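# Topology and contacts: notes
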Amino acid sequence: MARSDEAAAFFLAVYSAVREIPPGKVTTYGHIAKLVGTPQRPRQVGVCLKHLSQDPDSRHNHDNVPWQRVINSKGLISPRSQPSGARNQAAALEAEGVEVSTGSLGELSVDFSQYGWFPRSLPSEADEFDDVDDEEDEDEDEDEP
DNA sequence: CGCTTGACCTACG
DNA sequence: ACGTAGGCCAAGC
């Protein structure tokens with residue numbers, strides 16, 4: 001198995017995981033990284049999405065992968081380098097029905113307690129989350145020794 | 001062909 | 001609660 005294939009598999013895994021995110025919900029890069037089996041490589045997830053947005057001809061693009069539903073662990077949208085991208089992502093999230101709060105510095109924050117999609121119980125994703133009532137469905141089908 | 005940056009996260013001080 | 005440090009891999013220069 002060549003490393004290139006591994007990388008490609010990682011890309012596909014990320015796209016697949018992101019695609020699993022239901023509309024109106026958001027998740028973090030770290031969570032996606034865990035879902036793909038690489039909890040120690042959240043950056044690559046972002047890299048995948050970045051290339052994804054510039055790959056309209058590829059099998060995976062904006063229309064196929066809801067990259068906008070992926071944000072950082074702080075509950076804030078990564079400003080990439082310019083607020084344009086983050087702002088666009090926020091707009092897309094709002095279009096999905098996700099409420100995005102804008103800070104004075106132009107920071108876009110999303111409430112995980114409301115729109116956070118987290119299959120399987122994950123450790124402290126955020127800090128200030130005491131009670132999270134179950135509302136969505138949950139599936140467990142993997143194998144973890 | 002090698003160094004730097006980056007849509008990040010967790011842990012430690 | 002915030003700042004710093006370490007890790008990890010790919011794309012860009």
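Residues numbered from 1 in each chain as written. Chains lettered and ligands numbered in written order. Predicted model: local features only at pLDDT ≥ 70, side-chain atom pairs only at ≥ 80, totals over all residues. Heavy atoms only, no water.

## A few points about the environment of Val18
Of note, Val18 is situated in helix H1 (residues 3-19). Look at Val18 and you get buried, because its relative accessible area is 0%. Linking Val18 and Leu49, residues 31 residues apart in sequence, is a C-alpha distance of 9.5 Å. In this structure, Val18 is in contact with Ile32, Leu49, Val65, Pro66, Trp67 and Val70, ignoring residues within four places of it in sequence. (Helix = DSSP H or I, 4+ residues; strand = E, 2+ residues; numbered from the N terminus. Buried < 20%, exposed > 50% of the residue type's maximum accessible area, 1.4 Å probe, protein only. Contact = heavy atoms within 4.5 Å.)

## Quick notes on the protein's contact with DNA strand B
Taken together, 17 residues lie around DNA strand B, and Arg43, Leu49, Trp67, Ser73 and Ser78 are the ones closest in. Among the atoms of DNA strand B close to the protein, meaning within 4 Å, 46% are from sugar or phosphate groups. Take Arg43: an N or O atom from its side chain is 2.6 Å from a base nitrogen of DNA strand B. Within the backbone of Arg80, one N or O atom sits 2.8 Å away from a phosphate oxygen of DNA strand B. Secondary structure elements with two or more residues in the surface near DNA strand B: helix H2 (29-35) and helix H3 (42-53). With 7 residues, H3 is the single largest residue contributor to the surface near DNA strand B. Here the surface near DNA strand B is built from residues that sort into 4 nonpolar, 10 polar and 3 charged. (Near = heavy atom within 4 Å. Polar contact = N/O pair within 3.5 Å; in protein donor to acceptor, adjacent residues only side chain to side chain. Nonpolar A, V, L, I, M, F, W, Y, C, P; charged D, E, K, R; others polar.)

These results come straight from atomic positions and should not be treated as a statement about function.
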